[in-house]
Structures are given as structure tokens and as C-alpha cells.
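What the coordinates show
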Amino acid sequence: MNFGISECVYPIKMYCPKCGRADQEPETFCRQCGIFLPDLSKPLKKGQTPEDHVRANIVLSSLTVVVCLTLSILLYTMLGFTPQTHPLIYVTGGMLLAISCWHVQTLWRSILLRRHFRNKKTPGVEANPSGEPGNQLSAARFDDLAPPSVTDRTTKQLEEVRLRSS
Ligand SMILES: [Zn+2]
């Protein structure tokens, strides 16, 4: 009986949150209903923030602009404008130019977006953009509460009905 080994590998047992079956191992599938049981004791993977995506976009767009522009210049200077030049050379060069122009505007938009995120970040006031639990509670919401006058009136009416029926 290698009970000791499995105890060693999976020290934490859990209940299935769907069907409630006990003695389950995390990071496996439920033996009764088959849903995946994540290991809740592990820290959650930190997802990418919008800022990360914008930063990646800026890098990729800059690279694309440089590469496409260089290639189209090389194509035109080395192969273009001779009597034997195939029209496809001009088409390809034009395509590369168009791609680099497109990515110039993507780059510009990403830079604007990054500036927007930087301006928005005021510590202590805005929600924590990294997705980690901040040390501040969000503001209380009262818009889904019934005003006390309504509940008071309803209570009074119910009381009257009860008195009348008895
Ligand atoms: Zn289950």
C-alpha cells in the first residue's frame, strides 16, 4: 500500500465544488462529475495588464516599420528602375511601404494609449491596474437599496393586513 507516497505528493485534499465529493486531489478531474479541480492553494497566475499589451505593440510595430521600410528601399534601389525590372517588384515594394505606413499609425496609437495609461495612474485613487487586491475598499453602492420609507410602509401594510385577518 503506497498510501504514504500519495499523501506526500498531494498533501492537500479537497472537495469538488460542483458535486461535493470529498477526498479529491487538486489539479485533477473530479472522480464523480468530471470537472477540473484547480489547486486553490497555489497563487493565481498574474495575467498580462493592458499596459503590457501596449508595450508589446509598440515594440512589434516599431520592428515592423523598420523591417518593411528597409526591405522596400532595398527592393527599389537594388532591383527597381531598370528596363528588365518585373512589375511585381514594384507591387511588392508598394505593399511593403503600405505595411510600414499602417504600422506607423499603429505605433502612434499605441504611444497615445500608453500616455493615456500613464496619466490615469494616480496612486491611491485609481484601482490597482496590476489586478492585485489593493488595500482600499471600493466605494459603497447604495443605488440598489430600497429606501427605508418603502420598507417601513410595506411592514406597516402587512401588519394591518395581519391585524384585519385575525
Ligand atoms: Zn464533482
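Below is a short write-up of the structure. Numbers given for residues are sequential positions, taken from 1 along each chain in its written order. Side-chain atom pairs in this predicted model are given and counted only at pLDDT of 80 or more, local residue features only at pLDDT of at least 70, and totals for whole chains, interfaces and linings cover all residues. Derived side-chain values reflect all non-hydrogen atoms in the structure, with water molecules and hydrogen atoms excluded from consideration.

With that settled, consider the overall build of the chain. Comment: elements are numbered from the N terminus, with helices defined as DSSP H or I runs of at least four residues and strands as E runs of at least two. Summing up its helical and strand segments, the chain has four helices and two strands in all. From first element to last, N terminus to C terminus, the chain shows the α and β order α-β-β-α-α-α.

To continue, consider the packing of aromatic side chains. Within 6.5 Å between ring centres, the rings of Phe, Tyr and Trp (the latter by its six-membered ring) count as paired, and their orientation is classed by plane angle as stacked under 30 degrees, edge-to-face over 60, tilted in between. Tallied over the full model, the rule gives four aromatic pairs. An angle of 65° between the planes, with centres 5.3 Å apart, marks the rings of F29 and F36 as edge-to-face. Buried residues are those whose accessible area, probed at 1.4 Å on protein chains only, stays under 20% of the maximum for their type, while exposed residues exceed 50% and partly exposed ones sit between those limits. Overall, the relative accessible area of 56% leaves F29 in the exposed class. By relative accessible area, which is 39% here, F36 ends up partly exposed. Ring geometry for F81 versus Y90: centroids 5.7 Å apart, planes at 55°, classification tilted.

Let us now look at the coordination of the zinc ion. At 2.2 to 2.3 Å from the zinc ion lie its protein donor atoms, namely C16 (SG), C19 (SG), C30 (SG) and C33 (SG). Excluding water, the donors of a metal are its N, O and S neighbours within 2.8 Å, or within 3.2 Å for Na, K and Ca, and that exclusion means sites may look incomplete. By the criteria applied here, four donors are tetrahedral when all angles lie between 85 and 135 degrees, four are square planar and six octahedral when opposite donors are over 155 degrees apart and every other angle lies between 65 and 115, and any other arrangement is irregular. Of note is the zinc ion, whose four donor atoms meet at the metal with angles of 105 to 116° in an arrangement that counts as tetrahedral. Donor residues binding the zinc ion come from one chain and are separated in sequence as C-x2-C-x10-C-x2-C. Here C33 lies in the loop between β1 (28–29) and β2 (36–37) and C19 lies in the loop between α1 (3–9) and β1, a separation of 14 residues in the sequence.

Attention now goes to the pattern of salt bridges. A pairing counts as a salt bridge when a side-chain nitrogen of Lys or Arg comes within 4 Å of a carboxyl oxygen of Asp or Glu. Across all of its chains, the model carries four salt bridges by this definition. Residue E25 is joined to K13 by a salt bridge in which the shortest nitrogen-to-oxygen separation is 3.3 Å. Taken together, the residues E25 in the loop between α1 and β1 and K13 in the loop between α1 and β1 connect sequence positions twelve residues apart. Note that D52 is salt-bridged to R55, the shortest N-O span being 3.3 Å. Highlighted residues: D52 and R55, both in helix α2 (residues 50–79), separated by three residues, approximately one helical turn.

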